[in-house]
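# Structure assessment
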Amino acid sequence: MSIQSKHFLNSAETIVVESLKGLCDVNPQLALDPDNKIVFIKQQDRNKVALVCGGGSGHEPAHAGYVGKSNFERHMGLRHACKLLSVVTSLPLPTQVKSVVASTLSITLKGRGFSFCILLMAAERIARTVIIVKNYTGDILNFGLAKEQYAALHPDKAENARFVIVGDDVAVAKSQGKIVGRRGLAGTVLVYKIAGALAHRGASLDDVHQLAVWVSQNVATIGASLGHVHVPGTEPLRTNLSETELEVGLGIHNEQGNNRISPIPSLSELITQLLDYLTSQDDPERSFLPLKKKGDSVVLMVNNLGSVSELELTGIVAEARKQLNERGFKILRILSGTFMVMHPSFKANEILGLLDDKPKVPGWKWTPPSEPLAQVEQLVEGQGVSVARDDVLQLKAKDPNSFLSAIRNASNQLIAAETEITRMDTIAGDGDAGLTLKAGAQGVLASLDKGKISGENVVASLIAIGQVAEEVMGGTSGALYSIFFSALAQGFQSQSIPAGSVVTPQQWAVALTSALDKLYTYTRARPPSRTLVDPLAAFIDEVKKTRGQDFASAVRLAAQATEATKNLEAKAGRSAYVQSEQLRKEQVPDPGAWGVKTILESLGI
């Protein structure tokens, strides 16, 4: 499977500095040392404990996105010495770690490759610093080396710099990681947030360090991915994951996970497996958190690794919350981050208060300072519009069974055509026409199965189809279909047809003509316009011309009108925003028109 390898950048060599400059544009509290790629708060309170963290580029908003002050009178406390050199990274160099951020002492040594930095304190100042490091060998060695070099220079102040290593990954089994330990993942951000908030409430170095250690020991993270990422400046790659594979337990540096699942499971099945990793107390290779069987209070954090849509992400949140509740956990907060389960042994209110502090940093997402409401308080039953058969004119189809068979066949053919219509719309529109029509067709099939569509009541059936279009399809297509079928029902009721009559071809012709006229009051599209109106109008005009006596010729004309859209300039619809030359070159018919053609040809009329 290919990896997306296109990027918005001037060059791979300059993207990091340009990104950090943009961050400072967004957050005027910050200053940037571009030579050493260090971001820090310009006006620092040296009377409070400082937190230092760092890492390579590509993990944004970590780590530079968390540098800043609180919205409250307290500061968040992330004085972030974040040296980010090249996008293409290697192990950090100790010379890159020793750039000074927070004192008058300035020691700046340059290097190449992956980089970190540390806060070095001037000899005449009494500074207190907690250094937070993700558990990767290169990170630990180079942060640690800088700390020890500082201690060698200032032995009387060696205890003023504390070290916290975060290893929250639960994918690595205990036996596998007994030497290197667990990797540091997104749970590290919670250590930043909670310890930083405490620091800028004025807490002591011992208290801040103790809390940071506790949080790091009570956080668990598991990741899942559908593919790997491309590093700017490198050759295009292909992931070794197939189209039907999902990877569990991957790291944050593009390294492979510990397990692959194929075929890709449903979200509910995937969340079940991920929560087993996080919360199991029976697996001797996991059981990283001291959880009870039921009743533990937790914080849930669902983190986007970069390419998950907000639509999918909130769906993941909903499923994770549902399953945690079913397992007996009490969720105190829901954040946006990777799965994180936190088991309080400090006072829960104190931890949550620190978590709720609102920092003035772009990297931290807004979260409510309260427990999630019970779903019974949030979910409201929708008030649907039902069609009472006695309220509409009751007309019968000439052959009720054939009427139902025709609708069922058209729906099935639309579903089968989804892939091709989607391909067309990817070129000529926004790529969702196939899925929209498929959803409508599935809704119609469901209504057929529920008896809402019947050949014994044509008008009520047309209204039911219009409601499906409105409620299930949505968007422009859903509105057009809904208006058309609702108007088609009106077209029958406006004629002087006795109740209980069998609908004639001539009455169909009148109703169809009326429905098209009604549709024209809501859209400016007129044939030829490269829209669904082209085949629809060709069909209805011919039906009107023959007074309903030659539906077959009307279907052929609709098909011809659809094929003709390949060479038309788009005057309406999403295709109007695409260059006409490109559409003609691709020779793609309008996807909406193709949907109408598919329906008409499948009705068997």
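Residues numbered from 1 in each chain as written. Predicted model: local features only at pLDDT ≥ 70, side-chain atom pairs only at ≥ 80, totals over all residues. Heavy atoms only, no water.

### Focus on unusual backbone geometry
Ser262 connects to Pro263 through a cis peptide bond whose omega is -5°. If you trace the backbone, Pro263 turns up in the loop between strand E9 (259-261) and helix H6 (267-279). Here the amide bond leading from Pro527 into Pro528 is cis, since omega sits at -5°, within 30 degrees of zero. Structurally, the position occupied by Pro528 is in the loop between helix H15 (505-520) and helix H16 (533-545). A positive phi angle, near 50°, is found at Ser287, a position not held by glycine. Positive phi outside glycine occurs at Arg530, with the angle close to 60°. Tracing the chain through its elements places Arg530 in the loop between H15 and H16. With relative accessibility at 0%, the residue Arg530 sits in the buried group. (Helix = DSSP H or I, 4+ residues; strand = E, 2+ residues; numbered from the N terminus. Buried < 20%, exposed > 50% of the residue type's maximum accessible area, 1.4 Å probe, protein only.)

### Comments concerning the sheet that holds strand E7 (residues 224-225)
In spatial order, the strands read E7-E8-E9; together these three strands make up an open sheet with antiparallel pairing. Two strands bound the open sheet, and with one partner strand each, they are E7 and E9. The pairing of strand E8 (residues 246-248) with E9 spans three bridges and is antiparallel. Across the sheet, the residue bridging to Leu246 is Ile261, located in E9. (Pairing = 2+ DSSP bridges.)

### With respect to the nonpolar core
Core analysis: the largest hydrophobic core is formed by 60 residues, its most contacted members being Phe484, Leu488, Phe492 and Phe539. The dominant element in this core, judged by the number of residues it contributes, is helix H13 (residues 458-473), at 10 residues. Not counting the four nearest positions on each side in its chain, Phe492 is found in contact with Leu393, Leu395, Val458, Val459, Leu462, Ile497, Val503, Gln507, Trp508 and Ala511. If you look at the next biggest cluster of nonpolar residues, it comprises 33 residues, including Ala203, Met301, Leu332 and Leu335. (Core = buried A, V, L, I, M, F, W, Y, C linked by side-chain atoms within 4.5 Å. Contact = heavy atoms within 4.5 Å.)

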